[in-house]
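Summary of the model geometry
Read off the chains here:
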Amino acid sequence: MSYEQTKYWSVDNFSGSEENLQLIKEAALWITKGEVVAFPTETVYGLGANALDERAVKRIFEAKGRPSDNPLIVHIAEIDQLRELVSDIPENAHLLMKQFWPGPLTLIFKKKEAVAPSVTAGLDTVAVRMPDHPVARELLRAAGVPVAAPSANLSGKPSPTTAGHVFHDLKGRIKGIVDGGQTGVGLESTVLDCSKDVPVLYRPGGVTKEELEEVVGKVDVDPSLLSDDETPLSPGMKYTHYSPAGTLYLVREKERILELVSQAKADGKCVGVLTTEEENGRYEEADVVVPCGSRTDLASVATALYGSLRKFDEHGAEVIFSEVFPYEGLGSAIMNRLEKAAGGQTPL
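Reading the values: rules and limits
Residues numbered from 1 in each chain as written. Predicted model: local features only at pLDDT ≥ 70, side-chain atom pairs only at ≥ 80, totals over all residues. Heavy atoms only, no water. Phe/Tyr/Trp six-rings, centres within 6.5 Å; stacked < 30°, edge-to-face > 60°. Helix = DSSP H or I, 4+ residues; strand = E, 2+ residues; numbered from the N terminus. Buried < 20%, exposed > 50% of the residue type's maximum accessible area, 1.4 Å probe, protein only. Lys NZ or Arg CZ within 6 Å of the ring centre and 35° of its normal. Core = buried A, V, L, I, M, F, W, Y, C linked by side-chain atoms within 4.5 Å. Arc of directions from axis to C-beta. Contact = heavy atoms within 4.5 Å. 1 Å grid on protein atoms, 1.4 Å probe; cavity = no way out; pocket = protein on both sides within 12 Å on 5 of 7 lines; lining within 4 Å. Points joined across faces, edges and corners; volume = space filled by probe spheres on them. Disulfide = S-S within 2.5 Å. Pairing = 2+ DSSP bridges. Axes fitted to C-alpha atoms, helices over the stretch in contact; angles between N-to-C directions.

**Observations concerning the packing of aromatic side chains**
Overall, the coordinates contain three aromatic pairs when judged by the stated rule. Aromatic pair Tyr-249 and Phe-321: ring centres 5.8 Å apart, planes at 25 degrees, arrangement stacked. Residue Tyr-249 is located in strand S12 (residues 247-250), and its partner Phe-321 is located in strand S15 (residues 319-322); the two are separated by 72 residues in the primary sequence. Overall, Tyr-249 belongs to the partly exposed group, its relative accessible area being 32%. Residue placement shows Lys-175 over the ring face of Trp-30; its charged tip is 4.1 Å from the ring centre.

Okay, structure coming up:
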């Protein structure tokens, strides 16, 4: 489906003004009519449709070019909405919701039949979260239905952290975009399966494994987290994601990056380097150098990551070399996204 014009509703993140509320209600009305609308969350922009309407959900996949075997996350405004989506709420889920909802944590439950089949990609479970963003919460309340929403980008591209990113990827492909400014966390939510006796981490995100274990004890990590060979059991597990147009390589040693830049330049390539504020100025030979936050503040790296990857496309970088980060805390989520963007390769 194509649209001559994608509607645009510009609202203030933190304002509950009557004007803002009316714009959000207009966007929500289109969701209830079966249309697809992009909206901000605290993680990235989501591409939302009524999670109980199979035709509407299929429009998400069509707009993104998303594989049909890749399940979606359902977003809710109130805990009570879980009752129409899931058949059981384990005790550990209650503990996690009390601690982390609203927030960047998605929980997987056994589903009810009311959930549109395409949302779960044939699985008997459904992924649900309650976003911590005033515009998202107001939109969900106004729509009055649970909203299925993956990231609002073309499948495989870096997730959008501004409305401008959404417009670049999806103009003419969706009904509208609610512009609530830049997102905060910058990476998609953590995904945890609560339907197991021991919770299983499927995707690292804004809530770390360490924080989860402080609440529920032992958390297992799914062995296929870094593999593209298995049927995806949650959103974000399969396929190359978050990729710039150029080929991305992850490199452990900064001196090695300098060597690789020189080699690629000698081959006539337009070369980019993804670095941090501490190393900005080290890679002057590269054509495009993008500092992405500070090593002493990994939250700043997470917030800037997707926007930084998109900058390489703006400058036509053909080959990109990226520094790497520690596989702990928020660094695990950052490295998960970088490895997906690099096609699953391990760092050089």
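**Some remarks on the nonpolar core**
Among the nonpolar cores identified, the biggest contains 46 residues, and Leu-107, Val-119 and Val-128 are the most heavily contacted of them. Elements with a minimum of two residues in this core: strand S3 (46-50), helix H2 (54-64), helix H3 (91-100), strand S5 (105-110), strand S6 (125-129), helix H6 (163-170) and helix H7 (209-216). It is H2 that contributes the most residues to this core, five residues altogether. Residues Val-290, Leu-298, Leu-305 and Ala-342 belong to the second largest nonpolar core, which totals 27 residues.

**Thoughts on H3**
The complete set of buried residues in H3 reads Asn-92, Ala-93, Leu-96, Met-97 and Phe-100. Down the axis, H3 shows its buried residues gathered within 135 degrees of arc, on one side only. Away from the buried face of H3 by more than 90 degrees, exposed residues Glu-91, Lys-98 and Gln-99 are located. Each element contacted by the buried residues of H3 is listed here: S5, strand S9 (190-193) and H7.

**Here we look at empty space enclosed by the protein**
According to the stated counting rule, one finds three cavities of 30 Å³ or more in the structure shown. Of the volumes computed, that of the largest cavity is approximately 280 Å³. Lining the largest cavity are 27 residues, and of these Ala-149, Pro-150, Ser-151, Glu-188 and Arg-203 lie nearest its centre.

**A word on the state of the cysteines**
Throughout the structure, instances matching the rule amount to zero disulfides. Free cysteine: Cys-270, not disulfide-bonded; nearest cysteine sulfur from Cys-292 at 18 Å. The class for Cys-270 is buried, based on a relative accessible area of 18%.

**Here we look at the sheet that holds S15**
The strand order across the open sheet formed by four strands is S12-S15-S13-S14, and the pairing between neighbours is parallel. Either end of the sheet is taken by a strand with one partner, and the two such strands are S12 and strand S14 (288-291). Strand after strand, the sheet turns through a mean of 20 degrees between neighbouring axes, direction not considered. Pairing analysis gives four bridges linking strand S13 (residues 271-275) to S14, with the strands arranged parallel. Pairing of Thr-275 across the sheet is with Pro-291, part of S14. Those strands touched by helix H10 (residues 330-341) are S12, S13 and S15, and its axis lies near 135 degrees from that of S12.

**Section: the pairing of S15**
In S15, alternate side chains face the same way, and those of Val-319 and Phe-321 on one face and Ile-320 and Ser-322 on the other are all buried. Looking at chain direction, S12 and S15 are connected through four bridges and run parallel. Along S15, the bridge assignment pairs Leu-248 with Ile-320. In terms of strand pairing, S13 meets S15 through four bridges, oriented parallel. Pairing of Val-273 across the sheet is with Phe-321, part of S15.

**A look at the sheet that holds strand S4 (residues 73-75)**
With respect to topology, 11 strands assemble into an open sheet ordered S1-S8-S2-S3-S7-S4-S6-S5-S9-S10-S11, the strand pairing being mixed. Whereas interior strands pair on both sides, the edge strands pair on one side only; in this sheet they are strand S1 (7-10) and strand S11 (220-221). Summarising the sheet, S9 and strand S10 (residues 200-203) pair through three bridges and their orientation is antiparallel. Within S10, the position partnered with Leu-192 by the bridge is Leu-201.

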